[in-house]
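# Coordinate analysis (summary)
What follows is the residue order along each chain.
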Amino acid sequence: VQTAESAQFLVSWEEKISHKRLRKEIHRAIYRLSQKGIHADRLEKQAARSILTPVEPEGYISPMDGRGDRLVWLVKSRIGGGLHFLSSLVNEPEGMRYVEGTEVTRKMLRHARQDLSDTHQITMAEVQWQYCDFVMHEGYERVKAQGKKEVASYLAARSHLLAVPAERQEVPLPTHMDRGAIAADENLLITSLKLFEEKELQRWLFDSEQAKPYVEKITNAQESPLVLNQQQQHDRVEDVIKAAVVEIFLGEKGQIYARRLEETALYLCATDRLEGAKRALAVSLALQKEGANGGRIPFCEGLVQQSINMHYAEEKQQEQEE
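Residues numbered from 1 in each chain as written. Predicted model: local features only at pLDDT ≥ 70, side-chain atom pairs only at ≥ 80, totals over all residues. Heavy atoms only, no water.

## Looking at the confidence of the model for the chain
Of the residues in the chain, 87% reach a pLDDT of 70 or more, and the chain-wide mean stands at 87. Long-range and interchain partners of residues 44-51, a stretch whose pLDDT sits below 50, account for 0 contacts in this model, where long-range means more than four residues apart. (pLDDT = per-residue confidence, 0-100. Contact = heavy atoms within 4.5 Å.)

Right under this line is the structure:
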């Protein structure tokens, strides 16, 4: 039936079809109806983008590991095809450890992400490129201030993607991550040990160098010439762990962990784990409070206790083997 409704149906169908020949036949049918005075409303086509319109880069970031290292990528389409690819390893708080700029294809980028996932169980999450740019630039400036030149190629590599200076960025958390509401929700801190259920946080255990002084204190307590019963030994170990929590999460050290956890909240949001993101942000906000030292924050206590216990057990195992 040749009616306005038929013409409108054909228009809506044409807009959804991707098959080239079928779209052509639909377009002919619409034209023949218009010749008979039967017209349909069309959506206004967007004006073609000017070739001078800047192409926005893409930003990707990995989860942090226990040392505070994370991969940061910037990707931007090249004129003539392919992608400019800027990859760096940036530590919080030490700065940029590695940087490389190269050209890749979209397929190569997909393969790189898949290889990281398959080989190292690292998922690169897409986040705002401005934040990735800031993290890279901040990391470069920190290393530069130390007089190191290992990443001197960064500025030249960045110039292939961006001509404007990097700008300071706050961690770009989604609007539904209300900081005030999260800080006021005590249950998020109480249940913060659940963060260790996230595979990325399981990698946060201290390395042997960071744990060594506390392992030595526990060893000395266990090997004390004083005759201690089991409860007294347990109390001494608890005292070492409590002191370690305060020392590791107090002042500037605590602010380092606060930022790591805030960015972890961003990563968990980007990978659709909202409850974990809220807990990470809750711990971050608690550490940002004046005078905070990690005491009575289950996540902080758990991180210290698990790390010390693991390295203490490894040391004892090594002694037995020797």
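Now that the structure is up, let's keep going.
## A short note on the pattern of salt bridges
What the rule picks out here adds up to 14 salt bridges. Two residues, Arg97 and Asp69, come together in a salt bridge whose shortest N-O distance is 2.7 Å. With a gap of 28 residues between them, Arg97 in strand E4 (residues 95-104) and Asp69 in strand E2 (residues 69-77) connect regions that are remote in the sequence. Exposure remark for Arg97: the relative accessible area of 42% places this residue in the partly exposed category. When its relative accessible area of 7% is taken as the criterion, Asp69 is described as buried. A single salt-bridge network, built from bridges that share partners, covers Asp65, Arg67, Asp69 and Arg97. (Salt bridge = Lys/Arg side-chain N within 4 Å of Asp/Glu carboxyl O. Helix = DSSP H or I, 4+ residues; strand = E, 2+ residues; numbered from the N terminus. Buried < 20%, exposed > 50% of the residue type's maximum accessible area, 1.4 Å probe, protein only.)

## Focus on the environment of His234
Within the secondary structure, His234 sits in helix H9 (residues 230-249). Its relative accessible area of 43% is what places His234 among the partly exposed residues. In sequence terms His234 and Ala221 are 13 residues apart; their C-alpha atoms lie 9.5 Å from each other.

## Description of the pairing of strand E1 (residues 58-61)
Alternating residues of E1 divide into Glu58 and Tyr60 and Gly59 and Ile61, and every residue in both groups is buried. With 4 bridges joining them, E1 and E2 adopt antiparallel strand pairing. Bridging across to E2, Tyr60 finds its partner in Trp73. As judged from the 3 bridges shared by E1 and strand E5 (residues 125-127), these two strands associate in the antiparallel manner. By the bridge assignment for E5, Ile61 is matched with Ala125. (Pairing = 2+ DSSP bridges.)

## Observations concerning the sheet that holds E4
Ordered by their spatial adjacency, 5 strands build an open sheet running E4-E3-E2-E1-E5, and the pairing between neighbours is antiparallel. Among the strands making up the open sheet, the edge pair consists of E4 and E5. Across the sheet, the mean angle from the axis of one strand to that of its neighbour is 25°, orientation sign disregarded. The sheet contact formed by strand E3 (residues 83-91) and E4 spans 9 bridges and is antiparallel. Considered in E4, the bridge of Leu86 is made with Gly101. Most of the contacts of helix H4 (residues 129-145) go to E2, to which it runs at about 125°, and overall it touches E1, E2, E3, E4 and E5. Where helix H10 (residues 251-270) meets the sheet, it contacts E1, E2 and E5, and its direction lies at approximately 105° from that of E5. (Axes fitted to C-alpha atoms, helices over the stretch in contact; angles between N-to-C directions.)

## Quick notes on the pairing of E3
For E3, a buried count of 8 out of 9 residues is recorded, marking the element as mostly surrounded by other parts of the structure. The sheet contact formed by E2 and E3 spans 9 bridges and is antiparallel. Bridging across to E3, Lys76 finds its partner in His84. The hairpin formed by E2 and E3 contains 5 residues between the paired strands, and Gly80 there has a positive phi angle of roughly 100°. Joining the antiparallel neighbours E3 and E4 is a turn of 3 residues.

## Some remarks on the environment of Gln146
Turning to its location among the elements, Gln146 is positioned in the loop between H4 and helix H5 (154-158). On the accessibility criterion, Gln146 (41% relative accessible area) is partly exposed. Within polar-contact distance, the side chain of Gln146 engages the backbone oxygen of Glu94 at 3.3 Å. (Polar contact = N/O pair within 3.5 Å; in protein donor to acceptor, adjacent residues only side chain to side chain.)

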